[in-house]
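# A structural walkthrough
Given next are the chains, with one letter for each unit.
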Amino acid sequence: MSVVTTNKLQNILEIISDSPPVNALGAAVRQGLVDGIEQALSDDEIEAVVIRCEGRTFFAGADITEFGKPPVGPNLGEAIDRMEASEKPVVAAIHGTALGGGCEVALACHYRVAVPSAKLGLPEVKLGLIPGAAGTQRLPRVVGAEAALPMVVIGNPISAKKAAAIGLVDKVVGEDSLADDAIAFARAQIGKPVPRSSAGNANQDGVKNPAIFDEFRAKNGRKLRGFDAPNAGIEAVKAAGEMSYEDGVAKERELFMKLMSGTQSAAMRHYFFAERAANKVDGVDPKIDLIPIKKVGVIGAGTMGGGISMNFLSAGIPVTILEMKQDALDRGVATIRKNYENTAKRGRMTAEQVEGAMGILTPSLHYDDLADCDLVIEAVFENMDVKKDVFGKLDEIVKPGAILASNTSYLNVDEIAAATKRPEYVLGMHFFSPANIMKLLEVVRGEKTADNVLVTAMKLSKKIGKVAAVSGVCDGFIGNRMLSPRQQQANAMLMEGANYWEVDDVLLDFGFPMGPFQMSDLAGIDIGWHRDETRIETMRDALCAKGRWGQKVGKGFYDYDESRQRVPSDEVKELIAEWGAKEGKEQRDISADEMRERMLYPMVNEGAMILEEGMAQRASDIDVVWINGYGWPLFTGGPMFWADTVGLDKVVAGLEKHGLPVCDLLRSKAAAGEKFNG
Ligand code: T1G
């Protein structure tokens, strides 16, 4: 049975796709669409056509699993061109998310109707691509270049309401009557001349004011730095105003093919599937009974506890937040409210949503109030004795069957679990600060953590908008463990004469948002400092003793001007030279290539050891951790995918050249010409 069927209702033909999970426009769906369109065009009784999908969504784009393979089946662009050329009105009936090729199918229809909850978008740029079925040429002709730019270049979907406002959707219909309303709408168009997006002329705003393209590029410079696709998207939208439709489609094709064959798109498509794979626990039936999480307890109302609480409150899950002292509790609750109110000020929440979230927050000074929680997360001081005491209390008070999670960033979760009589219900949930913003969540699986407890935490992480990856119990889990060798090499190179700002620039040029010394200044050099200015045992002590505590005091490794721009400091340069002399290291010029190899290759080696020890389920999880938690540039696919792109043999040779360790797994994979990812 074809995944696309047709249904003739007197003079209307419905073309219906039913291809779970998202009606991706794979070969079979495209063939079914072509056959349906042929049937509509050849049957004289048919006077109008409705295209719709069963299941959760209208076509959600081309089938990404087909990319990189020889093309099979009919070409989407040709199929929808043929449809658009028809004189019979064709109506797209949209629900769910009409994305990418799905939005392009809708654009080639003469009309688009959508339910209020529907979204439309062209997210190809998030895969390192641009639309490849004339989306960059039809959309500006319907909504104008200015409205098309964010959709093509940033790639976020828009609501049906917004789509109707800019002319992309002709009518917003009943949430539960899409099929009927679409048929009624189609009937009403019979006999009228059909409007064609490819003939539209709303794209002239970019011709009248060509500045909009450079202005858009400049406004989004930071966000798009290093990515190739966004600029191609701008060029394609610009072409829609300057060229004939046919020439514009050819220009789009040229830009699309160049991106498709590049490493950035391969990396970003890898990431698309990696993020989804990370949520799965190997060897466990995904249909395992989950523990319903209806009420969450958070211990600690400081920065972490408050941020953690917001994740659940924003997802509509009630939170009881616990502190030991009233003033700390009040401060914590006030901070949560302030954060929400700031979000509302930026128009990303309504006042009702703020009150809704605050309305399900229960402050408390008593452990007993956590008794009926289904999950309790502690975010108390990073000290094992303190954690053990907290978990011992929780074990006594919280109902049996509830999950007890630690937000620890490095302590041994098994040791914490041993402080309870329910180790199978204990795991780590390592949030990253600020916890209400950072997407990464390392879910730390203890030796005794039960499968259903782990899967519950993974599914819950998706519900609260986090990207989670499972880590085993090891020092620093996945992210911080790999940060450590990078930091060691960065510090070592300073002692050998490298300029710290050049070390930072190497990682900035690679695509990181900042380098290691900028990161230290931002986090605070004085974190963990003993505060005794007379006790100078390390270079960090020396910096702190000189009041160089970081950006927060205007100086750390760098001096910061009033606009927080970093300025290299001669004082720090001299201080480093002193410490380098003490270490007796030969001072020399270190090339940018050597800096990059010495900081990034040891991370790959550490990642390989993490895999060797079973501390991560798969190499792509490591990519997910570093992209979401530490700013590894998405367009390289993450440390392990990047190493595959470089070539593991080259990574091994580089490590050996710099006298750095190579673990067995990395060595054996390099020798066998294998990759970490597939
Ligand atoms: N192709 C293949 N599989 C896809 C897919 C796609 N486009 N979209 C989703 N899946 C799979 C996904 O891997 C997962 O599989 C399952 O569906 C549920 O997805 C020509 C060239 C639609 C908003 O970029 O944004 O069109 O893990 O877990 O959270 O110009 O999926 O269950 O085995 O994400 O409800 C453009 C990508 C393609 C849309 C649903 N389209 N998808 O989110 O479920 S390029 C996209 C999404 C293109 C044209 C160009 C989301 C979603 P599994 P999910 P969800």
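Quick note: structure is the one above.
Note that this is a predicted model, so its numbers are computed, not measured.

### Re the overall build of the protein chain
For the protein chain, the helix and strand inventory stands at 29 helices and 19 strands. The C-alpha radius of gyration computed for the protein chain amounts to 28 Å, which stays within 12% of the reference 26 Å derived for 678 residues, consistent with globular compactness. When its C-alpha atoms are laid out on the principal axes, the protein chain stretches across 90 × 60 × 55 Å. Counting the 678 residues in the protein chain, one finds 54% classified as buried. For the protein chain, the proportion of contacts with a sequence separation of at least 24, taken over those separated by at least 6, is 72%. Surface accessibility of the protein chain: about 28900 Å² in total, with carbon and sulfur atoms responsible for 53%. Positive and negative side-chain charges of the protein chain, numbering 77 and 94 respectively, have mean locations separated by a distance of 2 Å.

### Regarding the side chain of glutamate 378
By the secondary structure assignment, glutamate 378 is in strand S13 (residues 375-378). There is a polar contact of 2.9 Å between the side chain of glutamate 378 and the backbone nitrogen of valine 380.

### Details of the pairing of strand S15 (residues 426-431)
With six of six residues buried, S15 lies mostly within the body of the structure. Side chains of S15 alternate between two faces, with Val426, Gly428 and His430 and Leu427, Met429 and Phe431 buried alike. Of the strand pairs in this sheet, strand S14 (residues 403-406) and S15 are connected by three bridges, and their pairing is parallel. From the neighbouring strand, leucine 404 faces S15, where its bridge partner is valine 426. In terms of strand pairing, S15 meets strand S16 (residues 440-444) through four bridges, oriented antiparallel.

### As for helix H24 (residues 570-583)
When the terminal C-alpha atoms of H24 are compared, their 20 Å separation across 14 residues agrees well with the 20 Å that a helix rising 1.5 Å per residue should span. Elements in contact with the buried residues of H24: helix H20 (479-495), helix H21 (500-510) and helix H23 (539-545). Structurally, the start of H24 carries an N-cap: the backbone nitrogen of glutamate 571 is 3.1 Å from a side-chain oxygen of serine 569. Of the residues one or two after H24, glycine 584 is the one with positive phi, at around 70 degrees.

### Describing the packing of helix H4 (residues 135-143) against helix H5 (residues 145-154)
Running from N to C, H4 and H5 point in directions that differ by 140 degrees, and their axes come no closer than 7 Å. Judged by the inter-axis angle, H4 sits oblique to H5. Crossing hand, H4 versus H5: right-handed. Residues Thr136, Leu139, Pro140 and Val143 of H4 touch H5, and the partners they reach there are Ala145, Ala147, Ala148, Met151 and Val152.

### Topic: the sheet that holds strand S17 (residues 467-471)
Ordered in space as S12-S11-S10-S13-S14-S15-S16-S17, the eight strands form an open sheet in which the pairing is mixed. Whereas interior strands pair on both sides, the edge strands pair on one side only; in this sheet they are strand S12 (361-364) and S17. The average undirected angle you get between the axes of adjacent strands in this sheet is 25 degrees. Sitting on the sheet, helix H19 (residues 451-463) touches S13, S14, S15, S16 and S17, and the angle it makes with S17 is about 155 degrees.

### Remarks on the nonpolar core
Among the nonpolar cores identified, the biggest contains 69 residues, and Phe557 and Leu666 are the most heavily contacted of them. In this structure, this core is formed jointly by two domains, domain 2 (296-476) and domain 3 (497-583), each of which donates at least three residues. Among residues more than four places away in sequence, those in contact with leucine 666 are Asn605, Ala608, Leu648, Val651, Val652, Leu655 and Phe676. Counting residues in each nonpolar core, the second largest holds 67 residues, with Ile15, Ile154, Ala160 and Phe216 among its members.

### Remarks on the sheet that holds strand S8 (residues 158-159)
The strand order across the open sheet formed by three strands is S5-S7-S8, and the pairing between neighbours is mixed. Each end of this open sheet is capped by a strand with a single partner; those strands are strand S5 (97-99) and S8. Where helix H3 (residues 101-108) meets the sheet, its contacts fall on S5 and strand S7 (119-121), and the angle it forms with S5 comes to roughly 90 degrees.

### As for the site of the ligand
Taken together, 27 residues are adjacent to the ligand, and Arg56, Ala62, Glu104, Arg276 and Lys280 come closest. In this structure, arginine 276 approaches the ligand through a side-chain N or O atom, which is 2.7 Å from an oxygen atom. Expressed as a share of its isolated accessible area of 1000 Å², the protein-covered part of the ligand is 75%. Where the shell around the ligand is concerned, the elements lending two or more residues are S5, H3 and helix H13 (263-278). With three residues, the single largest contributor to the shell around the ligand is H13. Considered class by class, the residues forming the shell around the ligand number 15 nonpolar, five polar and seven charged.

### Here we look at the packing of aromatic side chains
Going through the model one piece at a time under the given rule, you end up with 21 aromatic pairs. Taking 5.0 Å as the distance between ring centres and 85 degrees as the angle between the ring planes, the aromatic pair formed by phenylalanine 227 and phenylalanine 635 counts as edge-to-face. Of the two residues, phenylalanine 227 is situated in the loop between helix H10 (221-224) and helix H11 (229-242) and phenylalanine 635 in the loop between helix H26 (619-629) and helix H27 (639-646); the sequence distance between them amounts to 408 residues. Here the aromatic rings of tyrosine 601 and tryptophan 642 are separated by 5.9 Å at their centres, their planes lie at 40 degrees, and the arrangement is tilted. One end of the pair, tyrosine 601, is in helix H25 (residues 592-612); the other, tryptophan 642, is in helix H27, with 41 residues separating them in the sequence. Exposure remark for tryptophan 642: the relative accessible area of 10% places this residue in the buried category. One Lys or Arg, arginine 276, reaches over the ring of phenylalanine 272 and ends 3.6 Å from the middle of that ring. Between arginine 531 and the ring centre of tryptophan 549, over which it is positioned, the NZ or CZ distance is 5.0 Å.

### Examining helix H14 (residues 303-314)
Between the first and last C-alpha of H14 there are 16 Å, a value that for 12 residues agrees with the 16 Å anticipated at 1.5 Å per step. Burial runs high along H14: 10 of the 12 residues are buried. Turning to H14, its buried residues are Met304, Gly305, Gly306, Gly307, Ile308, Ser309, Met310, Asn311, Phe312 and Leu313.

### Re the side chain of glutamate 84
Looking at where glutamate 84 falls in the secondary structure, it is placed in helix H2 (residues 76-85). Exposure remark for glutamate 84: the relative accessible area of 5% places this residue in the buried category. Not counting the four nearest positions on each side in its chain, glutamate 84 is found in contact with Ala108, His110, Arg138, Arg196, Ser197 and Ser198.

### Re the environment of glycine 332
Note that glycine 332 resides in helix H15 (residues 326-345). For the pair glycine 332 and isoleucine 321, spaced 11 residues apart in sequence, the C-alpha separation works out to 8.9 Å.

### A look at the pattern of salt bridges
Scanning the entire structure with this criterion turns up 43 salt bridges. The salt bridge involving arginine 445 is made with aspartate 451; its shortest N-O contact spans 3.2 Å. Residue classification places arginine 445 among the partly exposed positions, given a relative accessible area of 27%. Of the charged contacts in the structure, one is a salt bridge between arginine 667 and glutamate 656, with a shortest N-O distance of 2.7 Å. In this pair, arginine 667 is assigned in helix H29 (residues 664-671) and glutamate 656 in helix H28 (residues 648-657), connecting sequence segments 11 residues apart. Each of the salt bridges in this network shares a partner with another, and the network as a whole consists of Asp395, Glu396, Lys421 and Arg422.

Conventions and cut-offs
Residues numbered from 1 in each chain as written. Predicted model: local features only at pLDDT ≥ 70, side-chain atom pairs only at ≥ 80, totals over all residues. Heavy atoms only, no water. Helix = DSSP H or I, 4+ residues; strand = E, 2+ residues; numbered from the N terminus. Rg over C-alpha atoms; globule rule 2.2 N^0.38 Å. Buried < 20%, exposed > 50% of the residue type's maximum accessible area, 1.4 Å probe, protein only. Contact = heavy atoms within 4.5 Å. Areas by Shrake-Rupley, 256 points an atom, 1.4 Å probe, with all protein chains shown as cover. Lys, Arg positive; Asp, Glu negative; His and termini not counted. Charge placed at Lys NZ, Arg CZ, Asp CG, Glu CD. Polar contact = N/O pair within 3.5 Å; in protein donor to acceptor, adjacent residues only side chain to side chain. Pairing = 2+ DSSP bridges. Expected span 1.5 Å × (residues − 1). Axes fitted to C-alpha atoms, helices over the stretch in contact; angles between N-to-C directions. Parallel < 35°, antiparallel > 145°, perpendicular 65-115°, else oblique. Left-handed = near helix turned anticlockwise from the far one by under 90°. Core = buried A, V, L, I, M, F, W, Y, C linked by side-chain atoms within 4.5 Å. Domains from an automatic or database assignment. Near = heavy atom within 4 Å. Nonpolar A, V, L, I, M, F, W, Y, C, P; charged D, E, K, R; others polar. Phe/Tyr/Trp six-rings, centres within 6.5 Å; stacked < 30°, edge-to-face > 60°. Lys NZ or Arg CZ within 6 Å of the ring centre and 35° of its normal. Salt bridge = Lys/Arg side-chain N within 4 Å of Asp/Glu carboxyl O.

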